[in-house]
Amino acid sequence: MSRFRKLSHSIWHCQYHIVWVPKYRYRVLDGPVRDATYNGIHAICGYSGSEVVEMNIQKNHVHLIVMVPPKIAISDVMDRLKGQTAIKTLKHFPRLRQKPYWGNQFWSKGYCVDTVGLDGEMIRNYVEYQEEKDHYIDQLNFCF
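First things first, this report covers the structure right here in the doc. Remember, predicted model here, so these are calculated numbers, not experimental data. (Residues numbered from 1 in each chain as written. Predicted model: local features only at pLDDT ≥ 70, side-chain atom pairs only at ≥ 80, totals over all residues. Heavy atoms only, no water.)

Some words on the packing of aromatic side chains
For the structure shown, the criterion picks out three aromatic pairs. Arranged with centres 4.8 Å apart and planes meeting at 85°, the rings of Phe106 and Trp107 form a pair that is edge-to-face. We classify Trp107 as buried; its relative accessible area is 5%. Members of the aromatic cluster, joined through ring pairs, are Trp20, Phe106 and Trp107. (Phe/Tyr/Trp six-rings, centres within 6.5 Å; stacked < 30°, edge-to-face > 60°. Buried < 20%, exposed > 50% of the residue type's maximum accessible area, 1.4 Å probe, protein only.)

Next comes the structure, spelled out in structure tokens:
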């Protein structure tokens, strides 16, 4: 299976590594809160057409590798992820609202995002293979 995905007029492989933290980096992402966050992220990504490649939820931060179609901005995905998981988490776990400095915010402002690109060696091998393939096709088309 190819790692590329298809849309009507393009093929794509847009992978992002995203990290974000709860407000004040509190260690609250364990037990049922962790499970609810995990399930929420999977549901939201599935609904938006994104694919979770890998996810690791620590007590004070979330690591997510996700494939996002090029027609969707990563900022839109993050707005939806952080917004909807915060609403659901604070609704299902009212004890988190009891701290006076927590307010209606669950996640800290901002996030870290990095693209997961192709490896340089892989690109060099691809280019080298394409050159050999073109040379082979030229030899087949050679007229005597």
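So, the sheet that holds strand β3 (residues 15-20)
Within the open sheet, the four strands sit side by side as β4-β5-β3-β6. Their pairing is antiparallel. A single partner strand is all that each edge strand has here, and the edge strands are β4 (51-57) and β6 (112-115). With direction set aside, neighbouring strand axes in the sheet form an average angle of 15°. Sheet analysis places β3 next to strand β5 (residues 62-67), joined by six bridges and oriented antiparallel. Within the sheet, the bridge partner assigned to Trp20 lies in β5 and is Val62. On the sheet, helix α1 (residues 32-48) packs against β3, β4 and β5 and is oriented at approximately 165° with respect to β4. (Pairing = 2+ DSSP bridges. Helix = DSSP H or I, 4+ residues; strand = E, 2+ residues; numbered from the N terminus. Axes fitted to C-alpha atoms, helices over the stretch in contact; angles between N-to-C directions. Contact = heavy atoms within 4.5 Å.)

Regarding the packing of α1 against helix α2 (residues 74-92)
Here α1 crosses α2 at 140°, and the two axes come no closer than 10 Å. When the axis of α1 is compared with that of α2, the two are oblique. Our pair here, α1 against α2, has a crossing hand that is right-handed. In contact with Val33, Thr37, Gly40, Ile41, Ile44, Cys45 and Ser48 of α1, α2 contributes Arg80, Leu81, Gln84, Thr85 and Thr89. Grouping the constituent residues of the contact of α1 with α2 by class yields five nonpolar, six polar and one charged. (Parallel < 35°, antiparallel > 145°, perpendicular 65-115°, else oblique. Left-handed = near helix turned anticlockwise from the far one by under 90°. Nonpolar A, V, L, I, M, F, W, Y, C, P; charged D, E, K, R; others polar.)

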